[in-house]
Amino acid sequence: MDGRVLFANPVGQAAGGPWPCGRQVEVQPFHAGTLAEAGLDVVGVEAELVGGECPYWGCVPSKMMIRAGNLLAEARRVPALAGDTDVTPDWGRVAGRIREEATDDWNDQVAADRLVAKGGRLVRGRGRLTGPRRVTVEGRTWEARRGVVLATGSRPRIPPVPGLAATPYWTNRDAMATKDLPTSMLVLGGGAIGVEVAQVFARFTCRVTLIEGQDRLLSQEEPEAAELAAQALRADGVTVLTGVRARQVSYDGAEFRVLVEGRADPLRGERLLVATGRHAELVDLGVETVGLDPETGIVPTDGRMRAAEGLWAVGDITGCGAFTHVSMYQAQIAVRDILDRPGPDADYRALPRVTFTDPEVAAVGLTERQARERGLRVRTAVVPNASSTRAWIHGPGGEGFIKLVEDADRGVLVGATSAGPAGGELLYGLIVAVHAEVPVEQLRNMIYTYPTFHRAVEQALAALR
C-alpha cells in the first residue's frame, strides 16, 4: 500500500457517519471505503456505532417519525376535501419501523462489514490523537503514513439548569428509540430537533409543551419561518412558550417538574426532552498534540479540509454546519485532497438546511438579518403560498411562503426561504440561484411551471424592493 489513513470517529458523527449503515440506507459523510478502494490502507476507529448519529438517532429515524405524523395530519384533512376518515394513531408501528428498517435494532454489523468488504479495517474503541499522524486506541497506537481524518461529530448540549443533571431527561437518542409514547412531554429548546419531535409526538396524541428561551422558535432562520412553525405547532395542540427560561428541574419518579421564569406553578410532564443544541467535544480528543486548541470547540480547516499537517477534519467539528449534507460535501473534498485529485475548495455561500416540520421550513444562504449585518444593501420580498393557484388547489396544509434576500448592488440572491409542502424539495432551484449567483433579472425571465408551488418564486422576484 502507498499510504495509510486513520479515520478517527471515537464519539459518533452527529450529522452523519463515516460509512453506510443499516439495511436500507447509505450515509457516507466520510468516504472511507473510497480511500480503501483507491489502494490506501484505511483504519476506521469507532467507539459507538459505525455510521454515527444520523442513521441511528438523527436524520433517518426522525424522518420516519415525521412521515408517520404527516400521514395522520393528512388523514385528518380528508373531511375538508374528500370524505370521512377515522384515524387511530399507533406509535408501535413507528417504533417498529425504526428498529427493523432504519437501525437493525441499533446493530451496526452491516455497516462494519461493508467497510471491511471494501478493504478497510475497523478498530472498535475510543481514539485519541497522540501526535502528528498518530492515534491511540485503548492503549494501542496506530501511525499513518498519509494522515488522519477527524469526523467525531457532536453531542447534545445540556444547559446548566439546576436539578436537570440529576434527572433521567431525554436527548434525541431517547426520543428516537422509545417504544412507548409518553402521555405528556416537556421540550427544552425550539430549534429543529425540538420543533420536529414536538409536532410528531403531539400528532400521536402526546400532550407537549415546548419551552424556548429566545423570543422565537428557529432563531437561526427568518422571523417569518419562526411564526409559521409556531402556528403549525399550536394547530397540532402543542403549547409553545417563547422568551421563557427554565430555572429549576425536578423528577419524582413519575413526573418532571420544570419551573420557568415568570410562572409560579411548575410545568409538568411524564418526559423531558432536552434539545438545546449540540457541541463538539475536543478536550479528550488530543488535538493539542497537533497544535490545535481544544478549548475553541471546533477544528478550523482550510478549503481542502486540512486542519494541520497530515490532519483533515469533516462534519460538525469544523463548525460549518451540523448537517449530514455538510459532512458529505466536506468528505468529498477531503477524499480528493488525500488522493491528490483536482477539485474546487469548500464553498459555503449556498449552505442549505431544512426543518422537517409540517409545513417544512427550508432555507439557503443568508437570512435578511445576516445579510444586513455583513453590510450588504439588501432588497427582500415575502410572498405567501396562498397567492399561488397551487396552494388554493392544495387546500388545508398548504400554508407557507417564499422569502428572497437580494444583494441589490450585485443583483443576485444571497439567501432564500421556502416554507410549505415539500419546501425542502422546492429549495433546490433557489440553491442553484444562490450558489451560481444567477442574476435576478435572468431569474425573472424564466418560465415557471403552472400550477406549482414554485410559481411563488416568480411572484417574489417581481416583489423585490
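Above this note sits the structure.
In this text, all values refer to a predicted model and were calculated from it rather than measured experimentally.

Side note on the overall build of the protein chain
In terms of helices and strands, the protein chain carries 14 helices and 23 strands. Taken over the C-alpha trace, the protein chain has a radius of gyration of 23 Å; the compact-globule value for 465 residues is 23 Å, and the two agree within 12%. For the protein chain, the C-alpha atoms occupy an extent of roughly 65 × 60 × 40 Å along the three principal directions. Within the protein chain, contacts between residues at least 6 apart in sequence are counted, and of these 65% link residues at least 24 apart. When the accessible surface of the protein chain is totalled, it reaches about 20200 Å², and 49% of it is carbon and sulfur.

Looking at empty space enclosed by the protein
Using a probe with the size of a water molecule, rolled over the atoms, empty space left in the structure can be pinpointed. Counting across every chain of the model gives 2 cavities of 30 Å³ or more. Considering only enclosed or pocket space, the largest cavity measures out at about 40 Å³ in volume. Around the largest cavity, the lining residues are Asn385, Ile402, Ser418, Ala419, Gly420, Pro421, Gly423, Leu426 and Phe453. If you list the elements that add at least two residues to the lining of the largest cavity, you get β23 (412-420) and α12 (423-435). In terms of residue count, the dominant contributor to the lining of the largest cavity is β23 (3 residues). For the lining of the largest cavity, the residue count by class is 5 nonpolar, 4 polar and no charged.

Observations regarding the packing of helix α3 (residues 59-81) against helix α7 (residues 192-203)
Packing of α3 against α7 brings their axes to within 9 Å, and their N-to-C directions diverge by 50 degrees. Of the possible angle classes, the one that applies to α3 and α7 is oblique. Handedness of the crossing formed by α3 with α7: left-handed. Of the residues in α7, those touching α3 at Ser62, Lys63, Met65, Ile66, Gly69, Asn70, Leu72, Ala73, Arg76 and Arg77 are Glu196, Val200, Phe201 and Arg203.

A look at the layout of surface pockets
Considering only enclosed or pocket space, the second largest pocket measures out at about 300 Å³ in volume. Lining the second largest pocket, in full, are His325, Val326, Met328, Tyr329, Gln332, Asp347, Tyr348, Ala350, Leu351, Pro352, Ile431 and His435. Elements represented by at least two residues in the lining of the second largest pocket include exactly α9 (324-338) and α12. Counting residues per element, the lining of the second largest pocket draws most heavily on α9, at 5 residues. Here the residues of the lining of the second largest pocket are counted per class, giving 8 nonpolar, 3 polar and 1 charged.

Regarding unusual backbone geometry
For the bond running from aspartate 358 to proline 359, omega is 5 degrees, close enough to zero to count as cis. By the secondary structure assignment, proline 359 is in the loop between β19 (352-355) and β20 (360-365). Cis rather than trans, the peptide bond between tyrosine 450 and proline 451 has omega equal to -10 degrees. Within the fold, proline 451 resides in the loop between α13 (440-444) and α14 (455-463). A positive phi angle, near 50 degrees, is found at glutamate 437, a position not held by glycine. Mapping glutamate 437 onto the fold places it in the loop between α12 and α13.

So, how was this worked out
- Residues numbered from 1 in each chain as written.
- Predicted model: local features only at pLDDT ≥ 70, side-chain atom pairs only at ≥ 80, totals over all residues.
- Heavy atoms only, no water.
- Helix = DSSP H or I, 4+ residues; strand = E, 2+ residues; numbered from the N terminus.
- Rg over C-alpha atoms; globule rule 2.2 N^0.38 Å.
- Contact = heavy atoms within 4.5 Å.
- Areas by Shrake-Rupley, 256 points an atom, 1.4 Å probe, with all protein chains shown as cover.
- 1 Å grid on protein atoms, 1.4 Å probe; cavity = no way out; pocket = protein on both sides within 12 Å on 5 of 7 lines; lining within 4 Å.
- Points joined across faces, edges and corners; volume = space filled by probe spheres on them.
- Nonpolar A, V, L, I, M, F, W, Y, C, P; charged D, E, K, R; others polar.
- Axes fitted to C-alpha atoms, helices over the stretch in contact; angles between N-to-C directions.
- Parallel < 35°, antiparallel > 145°, perpendicular 65-115°, else oblique.
- Left-handed = near helix turned anticlockwise from the far one by under 90°.

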